[in-house]
Amino acid sequence: MSYPRFLTGGLAALAVGASFTFAGPAFAAEGDDRPCGSPAVDAVYQTVVTDPVFRTVPALTHTAWRWQRDVASYEHEYGRVVSAAYDESDWTREVAGPTEYLFHRTVVDQAAVPAVPGTPEVGHHETVVLSPAVTVAEDEYQHQNTGKLRWERPDWGAQNGEGNGWVKTGNHREREVTPAVTEQRWVVDVPATPGTPAVPEVAHVESQWATSSPGGSWTGPVDSRPGDSSTENQTTAGEAPAGAGWVLKATRHVDAVVETVWAALLPDGWTATGESRQSGATHEETPEATAAAPDGDGWTTIEESAVTVVDVPEHQELVMPGSVDEVLVSPALPATEDCPVAGPGDPVIDPAAPDGTTEGGDAAGPQAAPEPGAEVSPAEATDAATVLPNTGGVPGWMAPAGLATIAFGAVLVRASRRRVL
């Protein structure tokens, strides 16, 4: 994560500033209490660079598939009436009088339609020449001395010279070198026609008692009965037979004769019955992968077609911007007032003495600067190097402590960068 990087960077900056602070002059915190004659000191700054902190935002994705379904196809039932429904009635009456005879007749509800046979295809074979024969013309030659015969091209004698003894006999022929290539093909003159099946006759038989034949369509008599007996009759129109005294005994309903067929589309002259059945199915698949199913019912995913679609790619988001800061390590200090110059006979003040006494143990005033060109002893030079003039000195542990702090800060910065990268 980026937060340790920010933390370690801040610690490193703190360590650098602290090192300069610890290693600075001892009088940095004393302000104007420095000894006289101290020079001005410029402010010391340290540049602290803080890296920006980023957060990794994961990619936004979704899964898409190709889709499939099986679409069923249906066929429907259609029907047409071969013979209409009708009601059949039974009638009876008491007959007094002459003898009655029973006659029958056949009532045709639908006339028979004969079958129409199909006609076969009528055609003939034709010979088609794919490539014609290749022939060469030849003349017959005879040798005048030997009498031998041979067939050669018409210009053969001219090429070989008439003096060789060969002359044309006058016979000529066409010799076939390559036969013609032909093919037998069937040519349809009259196409075949399908036949139609026969439609049987649909009829019913009616019976009637009468003293004589009711008409030309009736046959009989097939039975007889005395005139004083009851008689029966059947009608299909629901009306009583001709004559008086008929009593209705029973009525029967005869259903219509209906022919049915299954088809995908409505044939001419047929009516849908409302029944349907599945005749097959068609498999469909989408060419492209999508997250949602296409319009319609029955779509299912093709599992092996799953793909991951990236809506928003993975990216870096800034959490905290970086900065470049100038950190004050030690402030600027002005120069102190010049030290008073000692006059002749004034005691020399030892700056290293804790109470400002002279070298002989007596109190002394300010120490005079050496005369120009005066020689300084090695002991005095050593004392000046050990004790910094006008500063009060620097402890010996201060510089190593500052260097150790800087090294520790650098290790923290390097470790934090390795973890982020």
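As a reminder, the structure under discussion sits directly above these lines.
Every residue gets a number counted from 1 within its own chain, in the order that chain's sequence is written. This being a predicted model, a pLDDT of at least 70 is required before a residue's local features are given, and a value of 80 or more before pairs of side-chain atoms are given or counted; all residues contribute to the totals for chains, interfaces and linings. Only heavy atoms go into the side-chain values, all of them from the structure, while hydrogens and water stay out.

Description of the state of the cysteines
Then, in step 1: In this description, the term disulfide denotes a pair of cysteine sulfurs within 2.5 Å. Scanning all chains against the criterion turns up 1 disulfide.
Then, in step 2: There is a disulfide in this structure between Cys36 and Cys339, and the S-S distance comes to 1.8 Å. Across the S-S bond of Cys36 and Cys339 the torsion is about 100°, and the bridge reads as right-handed. Linking Cys36 in the loop between helix H1 (3-23) and strand E1 (44-50) with Cys339 in the loop between strand E21 (323-330) and helix H3 (378-386), this pair joins segments that are 303 residues apart in sequence.
Then, in step 3: The rule is simple: take the accessible area with a 1.4 Å probe, protein chains only, and divide by the maximum for that residue type; under 20% is buried, over 50% is exposed, in between is partly exposed. Among the residues examined, Cys339 registers a relative accessible area of 34% and is labelled partly exposed. For helices the rule is a DSSP run of H or I covering at least 4 residues; for strands it is a run of E covering at least 2, with both sets numbered from the N terminus onward.

A word on the sheet that holds strand E8 (residues 134-143)
Strand pairing within a sheet occurs via backbone hydrogen bonds; the two strands may be parallel or antiparallel.
Then, in step 1: Pairing is antiparallel across the open sheet formed by 3 strands, whose spatial order is E9-E8-E10. The open sheet is flanked by strand E9 (149-152) and strand E10 (166-178), the only strands paired with a single partner. Neighbouring strand axes in the sheet, compared pairwise and without regard to direction, differ in orientation by 30° on average. The pairing criterion is simple: DSSP has to find at least two bridges between the two strands. Lines fitted to C-alpha atoms define the axes, with helix axes restricted to the stretch in contact, and inter-axis angles between N-to-C directions lie between 0 and 180 degrees.

Examining the environment of Val187
Then, in step 1: Relative to the helices and strands, Val187 resides in strand E11 (residues 181-190).
Then, in step 2: Accessibility expressed as a relative area gives 26% for Val187, which makes it partly exposed.
Then, in step 3: The spatial distance from the C-alpha of Val187 to the C-alpha of Glu126 is 6.9 Å, given a sequence separation of 61 residues.
Then, in step 4: Contacts of Val187, omitting those with residues within four sequence positions, involve Val122, Gly123, His124 and Glu126. Every residue pair with non-hydrogen atoms within 4.5 Å of one another is taken to be in contact.

Quick look at the packing of aromatic side chains
Then, in step 1: Here a pair means two rings of Phe, Tyr or Trp (six-membered ring of Trp) with centres within 6.5 Å. Their orientation is stacked below 30 degrees between planes, edge-to-face above 60, and tilted elsewhere. Taken as a whole, this structure holds 3 aromatic pairs when the rule is applied.
Then, in step 2: Relative to Trp166, the ring of Trp156 lies with its centre 6.0 Å away and its plane at 75°, an arrangement referred to as edge-to-face. Remark: Trp166 occurs in strand E10 and Trp156 occurs in helix H2 (residues 156-160); sequence separation between them is 10 residues. Grouping residues by exposure puts Trp156 and Trp166 together as buried.
Then, in step 3: Throughout this description, the term charge over a ring refers to an Arg CZ or Lys NZ atom that lies within 6 Å of the ring centre and within 35 degrees of the ring normal. Over the aromatic face of Trp166 sits the side chain of Arg150, whose NZ or CZ is 5.1 Å from the ring centroid.
Then, in step 4: One cation-aromatic arrangement involves Arg277 over Trp262; the distance from NZ or CZ to the ring centre is 4.1 Å.

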